[in-house]
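Overview (structure and organization)
Below are the chains, spelled out letter by letter.
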Protein chains: 2
Amino acid sequence: MTATKPLTRIQQKNRAAILDAALDVFSAHGYRGATVDQIALQAGLSKPNLLYYFPSKDAIHVALLTGLLSTWLAPLEQLDPDGEPVEEILKYVDLKLTMAETYPRESRLFANEIVQGAPRIHDNLTGPLRRLVDEKCAVIAGWIARGLIAPVDPHHLIFSIWATTQHYADFDVQVRAVLGDAAENRFAIAREHLRMLFSRLLTPGAAG
Amino acid sequence: MTATKPLTRIQQKNRAAILDAALDVFSAHGYRGATVDQIALQAGLSKPNLLYYFPSKDAIHVALLTGLLSTWLAPLEQLDPDGEPVEEILKYVDLKLTMAETYPRESRLFANEIVQGAPRIHDNLTGPLRRLVDEKCAVIAGWIARGLIAPVDPHHLIFSIWATTQHYADFDVQVRAVLGDAAENRFAIAREHLRMLFSRLLTPGAAG
DNA sequence: AAAGTTCTTGACCAAACGGTCAGGAAACCG
DNA sequence: CGGTTTCCTGACCGTTTGGTCAAGAACTTT
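Throughout what follows, the structure given in this document is the object of discussion. (Residues numbered from 1 in each chain as written. Chains lettered and ligands numbered in written order. Predicted model: local features only at pLDDT ≥ 70, side-chain atom pairs only at ≥ 80, totals over all residues. Heavy atoms only, no water.)

**Things to note about the protein's contact with DNA strand C**
The line we're drawing: In these notes, residues near a molecule or strand are those with any non-hydrogen atom within 4 Å of it. Polar contact is the term for a pair of N or O atoms within 3.5 Å; when the atoms are in protein, one must be able to donate a hydrogen and the other to accept it, and sequence-neighboring residues count only if both atoms are side-chain atoms. Three classes are used: nonpolar for Ala, Val, Leu, Ile, Met, Phe, Trp, Tyr, Cys and Pro, charged for Asp, Glu, Lys and Arg, and polar for all others, with Gly counted as polar.
Surveying the vicinity of DNA strand C reveals 19 residues, the closest of which are Arg 9 and Lys 57 of chain A together with Gln 11, Asn 14 and Tyr 53 of chain B. Of all atoms in DNA strand C that approach within 4 Å of the protein, 60% are sugar or phosphate atoms. Within the side chain of Arg 9 of chain A, a nitrogen or oxygen atom sits 2.8 Å from a phosphate oxygen of DNA strand C. Note that a sugar or linking oxygen of DNA strand C is positioned 3.1 Å from one of the side-chain N or O atoms of Asn 49 of chain B. Looking at the surface near DNA strand C residue by residue, the class counts come to eight nonpolar, seven polar and four charged.

**A look at the protein's contact with DNA strand D**
The criterion, for reference: Here a strand is any run of E in DSSP of at least two residues, a helix any run of H or I of at least four, and the numbering for each starts at the N terminus.
Near DNA strand D you find 20 residues, and of these Gln 11, Arg 32 and Tyr 53 of chain A together with Arg 9 and Lys 57 of chain B are the closest. Protein-adjacent atoms of DNA strand D, using a 4 Å cutoff, are sugar or phosphate at a proportion of 61%. Asn 14 of chain A is positioned such that a nitrogen or oxygen atom in its side chain is 2.8 Å from a phosphate oxygen of DNA strand D. At 3.1 Å from a sugar or linking oxygen of DNA strand D is found a side-chain nitrogen or oxygen belonging to Asn 49 of chain A. Sorting the residues of the surface near DNA strand D by element identifies α1 (9–33) and α3 (47–53) of chain A together with α3 (47–53) of chain B as the ones contributing at least two each. Residue classes in the surface near DNA strand D are distributed as eight nonpolar, seven polar and five charged.

**Overview of the packing of aromatic side chains**
The line we're drawing: Each aromatic pair joins two rings of Phe, Tyr and Trp (for Trp, the six-membered one) with centres within 6.5 Å, and gets the label stacked for planes under 30 degrees apart, edge-to-face for over 60, and tilted for any other angle. Each residue's exposure class comes from its accessible area (1.4 Å probe, protein chains only) as a fraction of the maximum for that residue type: buried when under 20%, exposed when over 50%, partly exposed otherwise. Put simply, a charge is over a ring when the Lys NZ or the Arg CZ is close to the ring centre, within 6 Å, and near the line of the ring normal, within 35 degrees.
Applying the stated rule across the entire model yields 12 aromatic pairs over all chains. Ring geometry for Phe 159 of chain A against Tyr 168 of chain B: centres 6.1 Å apart, planes inclined by 85°, an arrangement best described as edge-to-face. Here the residue Phe 159 of chain A occupies a position in helix α8 (residues 154–170), and Tyr 168 of chain B occupies one in helix α8 (residues 154–170), the pair thus bridging two chains. You'll find Phe 159 of chain A and Tyr 168 of chain B in the same group, each marked buried. Measuring from centroid to centroid gives 5.0 Å for Tyr 52 of chain B and Tyr 53 of chain B, while their planes differ by 80°, and the two rings are edge-to-face. For Tyr 52 of chain B, a relative accessible area of 60% translates into the label exposed. Positioned above the aromatic ring of Tyr 31 of chain A is the side chain of Lys 57 of chain A, whose terminal nitrogen or guanidinium carbon lies 4.5 Å from the ring centre.

**Quick word on the interface of chain A and chain B**
We count it as follows: In what follows, residue pairs with any heavy atoms lying within 4.5 Å of each other are defined as contacts. Accessible area, probed at 1.4 Å, shrinks when two parts are joined; the buried area is that loss added up over both. In the sections that follow, a salt bridge refers to a side-chain nitrogen of Lys or Arg positioned within 4 Å of a carboxyl oxygen of Asp or Glu.
The interface is formed by 58 residues belonging to chain A together with 58 residues belonging to chain B. Interface of chain A and chain B: buried area, both sides summed, is about 5000 Å²; carbon and sulfur atoms make up 66% of it. Together, Val 115, Val 178 and Arg 200 of chain A form the three largest contributors to the area buried by chain A at its contact with chain B, with a combined 15%. Connecting chain A to chain B are zero salt bridges.

**With respect to the nonpolar core**
Worth spelling out the cut-off: Nonpolar cores are built from buried Ala, Val, Leu, Ile, Met, Phe, Trp, Tyr and Cys residues. Side-chain atoms within 4.5 Å join them into one set.
By size, the foremost hydrophobic cluster in this structure holds 137 residues, and its most contacted members are Phe 26, Leu 157 and Phe 198 of chain A together with Phe 26, Leu 157 and Phe 198 of chain B. Excluding anything up to four places from it in sequence, Phe 26 of chain B contacts Tyr 31, Ala 34, Ile 39, Lys 57, Ile 60, His 61, Leu 64, Leu 109 and Asn 112 of chain B.

**Concerning the environment of Phe 198 of chain A**
Position of Phe 198 of chain A among the secondary structure elements: in helix α10 (residues 186–202). For the pair Phe 198 of chain A and His 156 of chain A, spaced 42 residues apart in the sequence, the C-alpha separation amounts to 12 Å. Beyond its immediate stretch of four places on either side in the chain, Phe 198 of chain A contacts Leu 90, Val 93, Leu 157, Ser 160, Ile 161 and Thr 164 of chain A together with Leu 197 of chain B.

**Comments concerning the relation of the copies chain A and chain B**
As a reminder, the rule being used: We place the copies in one frame by least squares, fitting the C-alpha atoms of every residue whose pLDDT is at least 70 in both.
With an RMSD of 0.1 Å, the fit of chain A onto chain B corresponds to turning through 180° and sliding 0.0 Å along the axis. The operation mapping one copy onto its partner corresponds to a two-fold rotation axis. If distances are taken from each C-alpha of chain A to the rotation axis, the shortest is found for Ala 163 of chain A, at 2.6 Å. When the interface residues of chain A are mapped onto chain B, 100% of them again lie at the interface, so the same face is used by both copies.

**Focus: the side chain of His 156 of chain A**
As for its position among the elements, His 156 of chain A is in helix α8. Take His 156 of chain A: its relative accessible area is 1%, and that puts it in the buried class. Within the structure, the side chain of His 156 of chain A is placed 2.7 Å from the side chain of Tyr 168 of chain B, a separation counted as a polar contact. If we ignore the near neighbours within four places in the chain, the residues touching His 156 of chain A are Tyr 168, Leu 179, Arg 186, Ile 189, Ala 190 and His 193 of chain B.

**Comments concerning the pattern of salt bridges**
Residues and elements named next belong to chain B. A complete count under the given rule lists 24 salt bridges over all chains for this structure. Among the salt bridges present, the one from Arg 120 reaches Asp 58, with a minimum N-O distance of 2.2 Å. In this pair, Arg 120 sits in the loop between α6 (104–115) and α7 (122–145) while Asp 58 sits in helix α4 (residues 57–77), placing the two residues 62 residues apart along the sequence. Accessibility expressed as a relative area gives 30% for Arg 120, which makes it partly exposed. The residue Glu 87 makes a salt bridge to Arg 195 at a minimum N-O spacing of 2.7 Å. Taken together, the residues span a long stretch of sequence, with Glu 87 in helix α5 (residues 85–102) and Arg 195 in helix α10 (residues 186–202) at a distance of 108 residues. Judged by relative accessible area, Glu 87 falls into the partly exposed class, the value being 33%. By relative accessible area, Arg 195 is classed as partly exposed at 42%.

Right, dumping it as structure tokens:
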């Protein structure tokens, strides 16, 4: 039983500043590419002071990942088995794209971690994540069985949604580079594009 | 005029070994996460000997990226303006997925680089890459104008193709973790899934 | 075989890094 | 106010890292 004392006003402020700075630095340079000095500087703290709040660089990283993982998976949890199937999935796509637009740092943090083999959150992937995905895939499979959406592999459907939406956060530099001046309204156009992409895939009755 | 002497037999062998080892290490840990010792060890060379062939860690990285970029873009170049539009694009999707399956290290190398802001290949993105993409987007726009495929934003279509196919290389750990035992034939199922996804999007006449 | 070139290495270096520690400053509390 | 806890810092430490260098080994060429 670890009796966690309530945090001081100063502790709250500084821990939050550290985590925000760490999110900036880790998402931009990866774990190894980030330095404690850099995080401390951005948080407006000295390095020893930062290490007064977190015991190590690794601890900051873990705190970030675990703290943000539930936030990151929340949209999928909202997928409502009793909703209108196609619209439910399209709403999920829309929400994920909004997340990519609003929280690109979080997206890149996980992207960095997973591309490099997810050494620190692998258990979370095979555990909670997999359970959640399986649960929602069962829902989708149910919809397919009842003919409410076109038959697709539920897991790979979810992969496609993750890939297409997070692409606009993780590969933002590339997207902007390729679009040039037309990059400004990229999220609006992406929204329309992805809605069409997945609505055509899922709407039953189309050519199969 | 840099008169590049022809490479020795030993030079050829060792440079190749270094680049292959570097691809392994850089793709797995990112630029900053990779160490010269690690690359040297994997290449079967001592560190000073490795630095005899490449002047610096950075030079190895740049040589890798620039050397592989053309390979990586080759599939898009093959998109044939005179081919059957839907089938041409589906062929491109298929080829990109095959690349993700066959060359996951290369995919991850670029993923690492771009997620972290593409500091070393940014000029290549706004230059050659953008030109190639624009050229092929014009082809796609032409197909749309002639009603040969459904109207979609060509740029974002390409983004969707990149995202969905490279996902299976870049986020392989996650894909495997979520699929569990069913991960074995993930590429076969992905192939089917993506073919359906993009064929439904592009086949004209469907609900718009 | 001799000379010249290419290849390889152990030893070394300066900088950067994650982390420690003693002790002072500030905030809190009776 | 005085005592106690919390907060903060300069100086420091051991390790890792990218990179150098002088000198020897191996290969080529004549």
